[in-house]
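Structure assessment
Chain by chain, the residues:
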Amino acid sequence: MQYDFTTLTERRGTNSMKWKGPENELPAWVADMDFRTAPAITEAVMEKAGKGIFGYSWIPESLLDTVSSWWSRRYGWTMKHEWMHFATGVMPAIHSIVKSLTAPGDGVVVMTPVYHCFFHAVEWNGRVVREAPLHFENGAYRFDPEALEAALKEPASTLLLLCNPHNPTGELWTREELAEIGRIAAKHGVPVVSDEIHCDLTDPGSVYTPFASVNEECAQNAIVTVSPSKTFNIPGINTSFVIVPNEGLRGRVFWGLDRDQVGFPSAIAIEATQAAYGQGEAWVEEVREVLARNKERVVSFLHEELPQLKVTHREATYLVWIDCSAVTDDADKMVEHIHKTTGLVVSPGSQFRGNGRAWIRLNPATQPERLEEILRRFAEGVRTFAA
């Protein structure tokens, strides 16, 4: 491989949220990789820092070209410049969009289990979560058209938050599924916010479908959020884009981003994003292979060492979603026990609601040596909990 994904990185003492715990703690929870980012990004940031000036920045047309080219080249979806607005992150943007397109007390629909910060964007802003539970069968989740329709047809349901690809389950929605989601939402006059932050991190040979690329019905009802933060492991740089093809929706959303002061780039965001999408493609292809192998290692380990647990081995994200129902119906207690007895930190599935209470989310996006220690501690914690 051209890039190094095996040398252990030391992240303690760097103000890392993931690694802020004590020495004996081993984090495998937040979606943050332990790999150094693509060298081109580091070089671009260092070059900018070397200039010694960190004034206000604006988005150049060249950056819009680079971002649009990434999606056009890799996914067959061409974004027009006027559709695009910078944001300081996907979740700040979604908070703003919720405030711009809904009113206090309105219902916002989510398909659960789903990324827990969606609930924050709804409830912290005085709106109400309406769950449309996903259907789980034969080791995979599928969206339930009847459940989605029931949630969307409620009079106060005014927005749908879609996770594409899906966190925490790793599902890669098909074009046909996305078309049906778009059809039901449009039927009830409900705009779709499609969070596509994990879009690049699919298994080799698998490709995600942008929601707005499916058909014109989806495009005209879509607010899409994208970012290099997960792909290149640069969430601390705070860079993303919101893409809105529909002019009417666009005006409301873009005004809200500026109103909420989340539409303005930091001094290094432009250079980092330009380098990521302009020079980082080879790095992405290698990290996809590494992440796929890591997921496969988790699955094989659990099959051999903890066969009572079941894993959804899906095509998207680097996260592993583990069914612990054969051991406990309350994985929160298991997560607490694992942490207390081994120092390993994983995410309890209850955060994601839906059927998540008996599940655990584990992040294996780290070096092979560290992953083996994560698995060793996880097995020890599960066994002593079960005993």
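In what follows, the structure referred to is the one given above.
Residues numbered from 1 in each chain as written. Predicted model: local features only at pLDDT ≥ 70, side-chain atom pairs only at ≥ 80, totals over all residues. Heavy atoms only, no water.

1. Details of the overall build of the protein chain
The condition is simple: Helix and strand labels come from DSSP, where a helix needs a run of H or I of at least four residues and a strand needs a run of E of at least two; each type is numbered from the N terminus. Our radius of gyration looks at C-alpha atoms and nothing else; its globule reference is 2.2 Å times the residue count to the power 0.38. Three labels apply to residues, based on accessible area from a 1.4 Å probe with only protein chains included: buried if under 20% of the type maximum, exposed if over 50%, partly exposed otherwise in between. In what follows, residue pairs with any heavy atoms lying within 4.5 Å of each other are defined as contacts. Residue burial considers only the protein chains on display, and all accessible areas are found by Shrake-Rupley using a 1.4 Å probe. Asp and Glu count as negative and Lys and Arg as positive, but His and the ends of the chain are not part of the count. Here the site of a charge means atom NZ of a Lys, CZ of an Arg, CG of an Asp or CD of a Glu.
The secondary structure content of the protein chain amounts to 12 helices and 15 strands. The C-alpha radius of gyration of the protein chain comes to 21 Å, within 12% of the 21 Å expected for a compact globule of 387 residues. Relative to its 387 residues, the protein chain shows a buried fraction of 60%. Within the protein chain, contacts between residues at least 6 apart in sequence are counted, and of these 75% link residues at least 24 apart. Surface exposure of the protein chain reaches about 15,600 Å², of which carbon and sulfur atoms provide 51%. If the 37 positive side-chain charges of the protein chain are averaged to one point and the 50 negative ones to another, these points end up 3 Å apart.

2. Considerations on the pairing of strand E2 (residues 84-87)
Put simply, the rule reads: Two strands make a pair as long as DSSP finds a minimum of two bridges between them.
The side-chain alternation of E2 yields two buried faces, one formed by Met-84 and Phe-86 and the other by His-85 and Ala-87. Of the pairings in the sheet, the one linking E2 to strand E10 (residues 240-243) comprises four bridges and is antiparallel in character. Looking at the pairing, Phe-86 lines up with Phe-241 of E10.

3. Things to note about the side chain of Arg-12
What counts here: Salt bridges, as used here, are contacts in which a Lys or Arg side-chain nitrogen is within 4 Å of a carboxyl oxygen on Asp or Glu. Two N or O atoms count as a polar contact when they lie within 3.5 Å, although within protein this holds only if one can serve as hydrogen donor and the other as acceptor, and sequence-adjacent residues are included solely when both atoms are side-chain atoms.
Along the chain, the position of Arg-12 falls in the segment before strand E1 (26-27). Nearest to the buried, unbridged Arg-12 among oppositely charged side chains is Glu-23, at 4.2 Å. A distance of 3.5 Å separates the side chain of Arg-12 from the backbone oxygen of Glu-23, its partner in a polar contact. Within polar-contact distance, the side chain of Arg-12 engages the backbone oxygen of Glu-25 at 2.5 Å. Those residues in contact with Arg-12 that lie beyond four places of it in its chain are Trp-19, Gly-21, Pro-22, Glu-23 and Glu-25.

4. Overview of the pattern of salt bridges
In total, this model carries 25 salt bridges according to the counting rule given. Arg-297 is the partner of Glu-372 in a salt bridge, and the nearest nitrogen-oxygen pair spans 2.8 Å. Taken together, the residues Glu-372 in helix H12 (residues 368-386) and Arg-297 in helix H10 (residues 281-305) connect sequence positions 75 residues apart. A relative accessible area of 34% means that Glu-372 is categorised as partly exposed. The closest approach of N and O atoms between Asp-332 and Arg-357, which form a salt bridge, is 3.9 Å. In this pair, Asp-332 sits in helix H11 (residues 331-342) while Arg-357 sits in the loop between strand E14 (347-348) and strand E15 (359-362), placing the two residues 25 residues apart along the sequence. For Asp-332, a relative accessible area of 27% translates into the label partly exposed. Overall, the relative accessible area of 43% leaves Arg-357 in the partly exposed class. Linked by salt bridges that have partners in common, Arg-11, Lys-18, Asp-32, Asp-34 and Arg-370 make up one network.

5. Quick notes on H11
We count it as follows: What a helix should span is 1.5 Å times the count of its residues minus one. Think of the arc as the fan of directions from the helix axis to the C-beta atoms.
For H11, built from 12 residues, the straight-helix expectation of 16 Å at 1.5 Å per residue is met to within 8% by its first-to-last C-alpha distance of 16 Å. Among the residues making up H11, those that are buried are Ala-331, Met-334, Val-335, His-337, Ile-338 and Thr-342. Taken end-on, H11 shows its buried residues confined to a sector of 165°, consistent with a single buried face. For H11, the exposed residues set more than 90 degrees away from the buried face come down to Lys-333, Glu-336 and Lys-340.

6. Let's talk about the sheet that holds E2
As a reminder of what qualifies: Between the N-to-C directions of two axes lies an angle of 0 to 180 degrees, each axis being a line fitted to C-alpha atoms and, for a helix, fitted only over the stretch in contact.
With mixed pairing, seven strands are arranged side by side in an open sheet as E2-E10-E9-E8-E7-E3-E4. At either margin of the open sheet sits one strand with a lone partner, and together these are E2 and strand E4 (128-131). Pairs of neighbouring strands in the sheet enclose a mean axial angle of 25°, with direction left out of account. Where strand E3 (residues 107-110) and strand E7 (residues 157-163) come together, four bridges link them in parallel fashion. The partner of Gly-107 across the bridge, within E7, is Ser-157. Against the sheet, helix H3 (residues 90-101) touches E2, E7, strand E8 (192-195), strand E9 (222-226) and E10, its axis set at about 160° to E9.

7. Observations regarding H3
The first and last C-alpha atoms of H3 sit 16 Å apart over 12 residues, in line with the 16 Å expected at 1.5 Å per residue. Counting buried residues in H3 gives nine out of 12 residues, a clear majority hidden from the surface.

8. Overview of the pairing of E3
Put simply, the rule is: Handedness of a crossover is defined as follows: orient the strands so they point away from the viewer, and if the path from the first strand over the helix to the second runs clockwise, the crossover is right-handed.
Residue alternation in E3 divides its side chains into two sets, Gly-107 and Val-109 and Val-108 and Val-110, and both sets are buried. When E3 meets E4, the two strands line up parallel, connected through four bridges. Note that in E4 the partner of Val-109 across the bridge is Arg-130. Considered for its hand, the β-α-β crossover made up of E3, helix H4 (residues 117-123) and E4 is right-handed.

9. Here we look at the sheet that holds strand E12 (residues 320-323)
In space, the four strands of this open sheet follow the order E11-E12-E15-E14, with antiparallel pairing throughout. The open sheet has two edge strands, strand E11 (310-312) and E14, and neither has a second partner. With four bridges connecting them, E12 and E15 associate as antiparallel partners. Among the inter-strand pairings, Asp-323 is bridged to a residue of E15, identified as Trp-359. Across the sheet, H11 is in contact with E14 and E15; its angle to E15 comes to roughly 45°.

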